[in-house]
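Listed below, chain by chain, are the residues.
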Amino acid sequence: MAQLIANPIYDSAFKYMMQNERAATVLLENLLDKEILKLDVLTNDTPVIEEKSGVRILRLDFSAKIKDRKTGETELVTIELQKSYLDTEIMLFRTYLGQQYSDVKKADTEIVDTWRKDKKTGKIERVKVEKHVPLHIVAIYILGHTFQEIDIPKPVIYNYPDPRGIEKEPIPEILKTRFFRGVTHDTIIVQIPYLKRNAKTKLEQMLEIFCQDYVSDDTEQLLEFDDFENRSQDFRDLARPLVYAVSDPQVRKIMTVEDEMAIHFQNVKYVTDENEALHSMIEESRQKLQEKESQLAVSIKMLSELGVSPEQIAEKLKISIEMVNQTLQQ
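Since we're looking at a predicted model, the values are computed, not measured.

A. Representation of the overall build of the chain in the model. Broken down by element type, the chain carries eight helices and eleven strands. Every one of the 330 residues in the chain was classed for burial, and the buried ones make up 37%. Within the chain, counting contacts between residues at least 6 apart in sequence, those at least 24 apart form 66% of the total. Approximately 20600 Å² of the chain is accessible, and the part contributed by carbon and sulfur atoms is 53%.

Dropping the structure here:
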């Protein structure tokens, strides 16, 4: 019997899934290819709606203690996850990322020894103070669309810092310094449209939970898997909350609202694009008219200097006006 799950491309279903600690851990461990020793949710964001441009972005932030499976080294990082269903304004992603860099709440703290002058005695004394230590940021973007400029059929794209010296020689040891880790970040991009059935790699098999090839014939709000019980434990752990979401009336209600919003925003975008095109055409026609008016003024002056009669000039103007009208009609 086929197993139905709520479609995680919907913000409400995705958030429902990520609020489950086990599901969130499984998804992030597989994307990072690191073991997560501790995971804390830093935000409890709801989908962000921008009425002006029709952008909808869901954001979730985590603090995670991760362990490299090869070296055994551990690190405390901030994971900034953003999910967008529709084509998104890139500046919104950049703005939010910038906020994470400047947010002291996303930093670790440590006690350090330093020197300070006592205001009363004027003596320099050694004291202990709390210092903010910026955490390395991992930015994860889960996109319900592909890149606009060029077709890159890769379901998952990794972009990590690759430090090199003046002669282009690799300097991997700098990756362990606080300064470098504090001012750079890792980027992981998931393009949902390129997730397909019968994936080969472990990561893609788990990410099939987002694959829209499994959309139910009855509604796009549900995905249908015939082989659910035969899939990996990670896949089932990730999908389990979505199984429960199917019977949650509040989640299904919000998913229906999301459908209505998507239609509304697509219509708004279409009307906006149409208006922009009309304004562009009007502006182009206005420029052509100004050019013709300038040419007419020059022609009238030249004809007057040559002694052409007003009647002849009027006839020339009539012909020129007809030419202008033909230009505007084009």
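B. Highlighting the packing of aromatic side chains. A complete count under the given rule lists five aromatic pairs for this structure. With 6.1 Å between their ring centres and 65° between their planes, F228 and F235 make a pair best called edge-to-face. Relative accessible area serves as the criterion here: at 1%, F235 is assigned to the buried category. One aromatic cluster is present, built from ring pairs that chain together Y214, F225, F228 and F235. Directly above the aromatic system of Y214 lies the positively charged group of R197, at a separation of 4.2 Å from the ring centroid. Sitting over the ring of F235, R231 keeps its end group 4.6 Å from the ring centre.

C. Structural view of the packing of helix α2 (residues 21-32) against helix α6 (residues 233-246). In contact at an axis separation of 8 Å, α2 and α6 are set at 135° when each is read in the N-to-C sense. Taken as axis vectors, α2 and α6 run oblique relative to one another. The way α2 lies across α6 gives a crossing that is left-handed. Facing R22, A23, V26, L27 and N30 of α2, the residues of α6 in contact are D234, D237, L238 and P241. A class-by-class count of the residues in the contact of α2 with α6 yields five nonpolar, one polar and three charged.

D. Seen up close, unusual backbone geometry. Positioned with a positive phi, D33 is a non-glycine residue whose angle comes to about 60°. Within the fold, D33 resides in the loop between α2 and β2 (35-41). Overall, D33 belongs to the exposed group, its relative accessible area being 52%. One non-glycine residue, K168, adopts positive backbone phi at about 70°. Following the sequence through the fold, K168 ends up in the loop between β9 (156-159) and α4 (178-183).

Definitions and limits used
- Residues numbered from 1 in each chain as written.
- Predicted model: local features only at pLDDT ≥ 70, side-chain atom pairs only at ≥ 80, totals over all residues.
- Heavy atoms only, no water.
- Helix = DSSP H or I, 4+ residues; strand = E, 2+ residues; numbered from the N terminus.
- Buried < 20%, exposed > 50% of the residue type's maximum accessible area, 1.4 Å probe, protein only.
- Contact = heavy atoms within 4.5 Å.
- Areas by Shrake-Rupley, 256 points an atom, 1.4 Å probe, with all protein chains shown as cover.
- Phe/Tyr/Trp six-rings, centres within 6.5 Å; stacked < 30°, edge-to-face > 60°.
- Lys NZ or Arg CZ within 6 Å of the ring centre and 35° of its normal.
- Axes fitted to C-alpha atoms, helices over the stretch in contact; angles between N-to-C directions.
- Parallel < 35°, antiparallel > 145°, perpendicular 65-115°, else oblique.
- Left-handed = near helix turned anticlockwise from the far one by under 90°.
- Nonpolar A, V, L, I, M, F, W, Y, C, P; charged D, E, K, R; others polar.

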